[in-house]
Amino acid sequence: MSYVDEIYERVVAQNPGEPEFHQAVKEVLDSLKLVIDANEEKFRREGILERFTEPERVVSFRVPWIDDNGAVQVNKGYRVQFNSAIGPYKGGLRFHPSVNQSILKFLGFEQTLKNSLTGLPMGGGKGGSNFDPKGKSDREVMAFCQSFMTELYRHIGKDTDIPAGDIGVGGREVGYLFGQYKRITGLYEGVLTGKGLTFGGSLARTQATGYGLVYILNEMLKHNGKDMAGKTVVVSGSGNVAIYATEKAQQLGAKVVALSDSNGYIYDKDGIQLDIVKEIKEVRRGRIKEYVDEVPTAVYTEGRGIWSIPCDIALPCATQNELNLDDAQTLLANGCFAVAEGANMPSTREATDLFVEKKILFMPGKAANAGGVATSGLEQSQNSLRMSWSFEEVDDKLHTIMVNIFAKVSEAAERYGVAGNYVAGANIAGFEKVVEAMLGQGIV
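Residues numbered from 1 in each chain as written. Predicted model: local features only at pLDDT ≥ 70, side-chain atom pairs only at ≥ 80, totals over all residues. Heavy atoms only, no water.

An unreviewed UniProt entry lists the protein under the name Glutamate dehydrogenase, with Enterocloster clostridioformis given as the organism. The protein has a UniProt comment under Sequence similarities (unreviewed entry) that states "Belongs to the Glu/Leu/Phe/Val dehydrogenases family." Here the protein is described in UniProt, under the heading Subunit (unreviewed entry), as follows: "Homohexamer." (UniProt positions renumbered as here; feature names shortened; annotations may be inferred.)

Here it is in structure tokens:
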């Protein structure tokens, strides 16, 4: 049995009932086989894969809080500190009913490689809770966040572990979390990223993941003799990533015709009017179906099916495993030639394999959506320097980072004889840096 197969079996046996984590490990290890087979004796001796696939620490805790009716509610809270070989743990907090240890371990594992690709000194981590902020009052959200941080604060710090936002954790939640951390510790430090601009946040952080997605997509297209102008784009989701990917794609001359949320999707053949979407999602915190009230020519469809809309480019920006094999086949049949992942692992393994097999331009999430954490790293730098950069300065640094990520991914794929396979390239480029750091630090 190969070293890769041994480790995968070990991961499944030691982490029962965690399918998302199993899926992430299998996808990464399979695409790293070229590197691992070439270094098998050394990696076995040093236990590299055993250490690489095992989190350094998993913290689990209860989060009690009082709702507006005066009743006590209890949620589960987590922080997975996956790998600190190249820097302090860095990764978002997710508040969503689906959150469990499996999902957070998969996200922390992927985050380790993603952060490595940015070139910044950040390890991998992830955390969150099964708390659902939807439908909660500001007071209830604050009560939950304060209780969550009352436990989490002892495990994090500006040089230890720096959480950020993720699904369900936006500027409001980060503000409440930061306020409680400061209150408990008496420290005003860059322990969280995604903060408000008046208390240490960075300009362009809100836009960063979506902008970065389009920057690396554009680089991939240019490298393959194509461009964004005049192309039809379908974007899933309607949160920060989807909104600002749409904005940047439109700036580069593409026509975005669809967006979605967990209830359904809208199709606007004339091109999405982003100012209306921003009003619905950012101001009113409403549902995407409200778009058709403002734009009667648009069509709203309940449920799944956004990938049935013909497009040149697909940008899945909602959640994990939202794009399956049937969706991938439909996209290809309709002429889609490029897919870049704005969410974490939004394509199933079967869909990913089909994209790679058919040699369409496919950029996996750990590279494509790294702009968010890259700009979080830039926010940390600004906090440490006690200064702030302009939107243009941050955006320029973000653009440079995304261009460099594409170069690393493309070069790694070519070096191992799989040119154009950006899944393999991203995993190899991220893995090599982490392993070199792990080997340099001994058995820790």
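Undergrad: Just to check I follow, could you spell out the side chain of Gln 382 for this structure?
TA: Note that Gln 382 resides in helix α16 (residues 371-385). If sequence neighbours within four positions are ignored, Gln 382 has contacts with Ser 202, Met 387, Ser 388, Trp 389 and Val 394. (Helix = DSSP H or I, 4+ residues; strand = E, 2+ residues; numbered from the N terminus. Contact = heavy atoms within 4.5 Å.)

Undergrad: When you look at the sheet that holds strand β11 (residues 338-340) in this model, what are you seeing that I'm missing?
TA: In any sheet, the strands associate via hydrogen bonds between backbone groups, in a parallel or an antiparallel arrangement. Reading across the sheet, the seven strands line up as β9-β8-β7-β6-β10-β11-β12 and stay open at both edges, with mixed pairing between neighbours. If you trace the sheet from one side to the other, it starts and ends with β9 (299-302) and β12 (361-363), each paired once. When the angles between neighbouring strand axes are averaged without regard to direction, this sheet yields 15°. Summarising the sheet, strand β10 (residues 313-316) and β11 pair through two bridges and their orientation is parallel. Within β11, the residue paired with Ile 313 across the bridge is Ala 338. (Pairing = 2+ DSSP bridges. Axes fitted to C-alpha atoms, helices over the stretch in contact; angles between N-to-C directions.)

Undergrad: Looking at this structure, I do not really get the environment of Asn 421. What am I missing?
TA: Mapped onto the secondary structure, Asn 421 falls in the loop between α17 (391-415) and α18 (422-440). C-alpha of Asn 421 to C-alpha of Ser 410: the two residues are eleven residues apart in sequence and 7.9 Å apart in space. Not counting residues within four places of it along the chain, the set of residues in contact with Asn 421 comprises Val 356 and Ala 413. Only 3.1 Å separates the side chain of Asn 421 from the backbone nitrogen of Ala 424, close enough to count as a polar contact. (Polar contact = N/O pair within 3.5 Å; in protein donor to acceptor, adjacent residues only side chain to side chain.)

Undergrad: Would you explain the domain arrangement of the protein in this entry?
TA: When the parts of a complex come together, some accessible area is lost, and that lost area is often taken as the interface size. Segmenting the protein into domains produces domain 1 (55-185) and domain 2 (207-359). Taking only C-alpha atoms into account, the centre of domain 1 sits 27 Å from that of domain 2. Carbon and sulfur atoms supply 42% of the area buried between domain 1 and domain 2, which totals about 670 Å² over both sides. Of all residues in domain 1, Phe 106, Lys 134 and Arg 172 bury the most surface against domain 2, accounting for 49% of the area lost on that side. Where domain 1 meets domain 2, there are zero salt bridges. At the surface where domain 1 touches domain 2, the tally comes to two residue pairs in polar contact (both at pLDDT 80 or more). Here the side of domain 1 that touches domain 2 takes four residues from helix α6 (residues 101-118), the largest share from any one element. Of the residues that constitute the side of domain 1 that touches domain 2, the class distribution is four nonpolar, no polar and six charged. (Domains from an automatic or database assignment. Buried area = accessible area lost by both parts, 1.4 Å probe. Salt bridge = Lys/Arg side-chain N within 4 Å of Asp/Glu carboxyl O. Nonpolar A, V, L, I, M, F, W, Y, C, P; charged D, E, K, R; others polar.)

Undergrad: Would you take a moment to explain the pattern of salt bridges for this structure?
TA: Should their charged atoms come close, side chains of opposite charge can pair. For the structure on display, the rule yields 30 salt bridges. Note that Arg 284 and Glu 290 form a salt bridge whose closest N and O atoms lie 2.8 Å from each other. Looking at Arg 284, the relative accessible area reads 37%, which means it is partly exposed. With relative accessibility at 21%, the residue Glu 290 sits in the partly exposed group. Where salt bridges share partners, they join Lys 26, Asp 30, Arg 349 and Asp 353 into one cluster. (Buried < 20%, exposed > 50% of the residue type's maximum accessible area, 1.4 Å probe, protein only.)

Undergrad: What am I meant to see in unusual backbone geometry here?
TA: We note that Ala 204 has phi near 75°; this positive angle belongs to a residue other than glycine. Within the secondary structure, Ala 204 is located in the loop between α8 (171-185) and α9 (205-223). For Lys 359, which is not a glycine, the phi torsion comes out positive at approximately 60°. Counting through the fold element by element, Lys 359 comes out in the loop between α14 (349-357) and β12.

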